[in-house]
Amino acid sequence: MGRTVVVLGGGISGLAASYHLSRAPCPPKVVLVESSERLGGWIRSVRGPNGAIFELGPRGIRPAGALGARTLLLVASLAMDSLCRGVFAGNSRELSIRSCFPSLFQAEQTHRSILLGLLLGAGRTPQPDSALIRQALAERWSQWSLRGGLEMLPQALETHLTSRGVSVLRGQPVCGLSLQAEGRWKVSLRDSSLEADHVISAIPASVLSELLPAEAAPLARALSAITAVSVAVVNLQYQGAHLPVQGFGHLVPSSEDPGVLGIVYDSVAFPEQDGSPPGLRVTVMLGGSWLQTLEASGCVLSQELFQQRAQEAAATQLGLKEMPSHCLVHLHKNCIPQYTLGHWQKLESARQFLTAHRLPLTLAGASYEGVAVNDCIESGRQAAVSVLGTEPNS
């Protein structure tokens, strides 16, 4: 009887892990468990009344480097014409990140992520190849998306996984993990349980820490120390408005505004998603010490509060003083892991415990080695490689 691998978490990391497991020459039985009713995690796209696309999470993926190429290779391998036709590069490919964000250029080259992440270098790895990758290189894409929004990617992955026999369980929060006498896991769900030879956890480290059995207490302590912060995302659309500047967007130093992290100029990067009639789209990211203080005080975090703060920022910083024609507000609780001082020691401690006790558990996701979409997809791939003991088919 073949092995069973249970993947916890249906975000992009868990989907990527399941994808690569399913493409092994002799794939194990794969069960993907997601606590909510939808897959994709923080990747979520909403269509507005005029057909405009609003991204509630990540909005563009960078094709640069081996990780960016691997993500494009995954997209191409899904073999869905509608998906591949939907790939388009933003107009900002004509803009130089070195020129638009000179202070961030070196960090991006070294760490692969500009915003809200502290990553290690990827090192030299062979560059994957496909027609889509060659197109991205030839046209010098800076970032890419999908015409229907980035959520098309997890949706396509789910369709692919189902076609390859992966069991996808939605609305099934995990209540606990326990080790059986024979070394297998018992994964306790709300109304049932699963048995697994191996578990890949693609849920936040702090959530996993609460599910581990007593004999894994040292691992739980290391994981519980990996914290995350919340971000409020406010999507705004203005009819007949124009930006005073061009570019991807701008960051706001905390010394100037403790609550506004930055504003993304969505219409500059992807005007194809502006709808009909087209309207100017921007996204205001709120967080920082302002949001942390509000959360700690127990203050009611209303949509009106975030909308007002976002509109004030758009008016003050971009001159968008009119009322928006459309507005979406979403508070993403604990969505950005914080790689604080000593983070890598926490990871090493977790790895040493897993190795010493030969636990059939592999960690994946944004809690560990990168918060960007490419990093999360790569962490899922690496988790699958670890379980399989070999590279799966691309």
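**Considering the pairing of strand β2 (residues 29-33)**
β2 sits mainly inside the fold: four of its five residues count as buried. Where strand β1 (residues 4-8) and β2 come together, five bridges link them in parallel fashion. Counted as the bridge partner of V7 is L32 from β2. After leaving β1, the chain enters helix α1 (residues 12-22) and then returns to the sheet as β2, a path that is right-handed. Relative to strand β7 (residues 167-169), β2 runs parallel, the two sharing three bridges. Of the residues in β7, the one forming a bridge with L32 is V168.

**What about the packing of aromatic side chains?**
For the structure on display, the rule yields two aromatic pairs. With a centroid separation of 6.0 Å and an interplanar angle of 80°, the aromatic rings of W290 and F306 are classed as edge-to-face. Linking W290 in helix α11 (residues 288-297) with F306 in helix α12 (residues 303-318), this pair joins segments that are 16 residues apart in sequence. For the pair formed by W290 and F306, the shared burial category is buried. In this structure, R309 packs its charged tip against the face of W290, placed 4.5 Å from the ring centre.

**A few points about the environment of L361**
Looking at the secondary structure, you find L361 in strand β17 (residues 361-363). L361 gets classed as buried once you look at its relative accessible area, which sits at 5%. Spatially, the C-alpha atom of L361 lies 10.0 Å from that of V7, the residues being 354 residues apart in sequence. Leave out the neighbours within four places in its chain, and L361 touches W185, H198, V199, S201, L212, L219 and L354.

**Concerning the packing of helix α2 (residues 65-77) against helix α15 (residues 373-388)**
Where α2 meets α15, the closest approach of the two axes is 9 Å, and the angle between their N-to-C directions is 75°. Comparing the axis directions of α2 and α15 gives the class roughly perpendicular. In this structure, α2 uses L67, G68, R70, T71 and L74 to contact α15, whose residues at the interface are N374, D375, I377, E378 and R381. Of the residues contributing to the contact of α2 with α15, the split by class is three nonpolar, three polar and four charged.

**Brief notes about the nonpolar core**
Among the nonpolar cores identified, the biggest contains 42 residues, and L21, W144, L153, L157 and I200 are the most heavily contacted of them. Mapped by element, the contributors of at least two residues to this core are β1, α1, β2, α2, α6 (131-138), β6 (144-146), α7 (152-163) and α15. The biggest single contributor to this core is α15, with seven residues. If you look at the next biggest cluster of nonpolar residues, it comprises 29 residues, including V6, I203, L223 and L347.

**A word on the sheet that holds strand β13 (residues 249-251)**
Read from one edge of the open sheet, five strands run β13-β14-β15-β12-β16, paired in antiparallel fashion. Only two strands of the sheet have a single neighbouring strand rather than two, namely β13 and β16 (326-337). Across this sheet, the average inter-strand angle for adjacent strands is 15°, counted without regard to direction. The pairing of β13 with strand β14 (residues 260-264) spans three bridges and is classified as antiparallel. When the bridges of β14 are listed, L251 appears paired with G262. Relative to strand β12 (residues 228-238), α11 is tilted by about 115°, and along the sheet it contacts β12, β14, β15 (280-286) and β16. Its contacts with the sheet put α12 on β12, β13, β14, β15 and β16, and the angle it makes with β12 is roughly 65°.

**As for the sheet that holds β7**
Strands in a sheet are paired, the pairing made by backbone hydrogen bonds, and the direction either parallel or antiparallel. Pairing in this open sheet of five strands is parallel, and the strands run β7-β2-β1-β11-β17 from one edge to the other. The sheet terminates laterally at β7 and β17, the two strands that pair on one side only. Along the sheet, successive strands turn relative to each other by an average axial angle of 20°, direction set aside. Relative to β17, strand β11 (residues 198-201) runs parallel, the two being bridged by three bridges. Bridging across to β17, S201 finds its partner in L363.

**Digging into the confidence of the model for the protein chain**
Low pLDDT marks regions whose predicted coordinates should not be analysed in detail. For the protein chain, the mean per-residue pLDDT works out to 88, and 87% of the residues sit at or above 70. Taken together, the stretch residues 90-104 has pLDDT below 50 and engages in 30 contacts with residues farther than four places along the chain or on a different chain. Below a pLDDT of 50 lies the segment residues 114-123, which in the model reaches 25 contacts outside its immediate sequence neighbourhood of four places, other chains included.

Scoring rules and cut-offs
Residues numbered from 1 in each chain as written. Predicted model: local features only at pLDDT ≥ 70, side-chain atom pairs only at ≥ 80, totals over all residues. Heavy atoms only, no water. Buried < 20%, exposed > 50% of the residue type's maximum accessible area, 1.4 Å probe, protein only. Helix = DSSP H or I, 4+ residues; strand = E, 2+ residues; numbered from the N terminus. Pairing = 2+ DSSP bridges. Right-handed = clockwise from strand over helix to strand, strands pointing away. Phe/Tyr/Trp six-rings, centres within 6.5 Å; stacked < 30°, edge-to-face > 60°. Lys NZ or Arg CZ within 6 Å of the ring centre and 35° of its normal. Contact = heavy atoms within 4.5 Å. Axes fitted to C-alpha atoms, helices over the stretch in contact; angles between N-to-C directions. Parallel < 35°, antiparallel > 145°, perpendicular 65-115°, else oblique. Nonpolar A, V, L, I, M, F, W, Y, C, P; charged D, E, K, R; others polar. Core = buried A, V, L, I, M, F, W, Y, C linked by side-chain atoms within 4.5 Å. pLDDT = per-residue confidence, 0-100.

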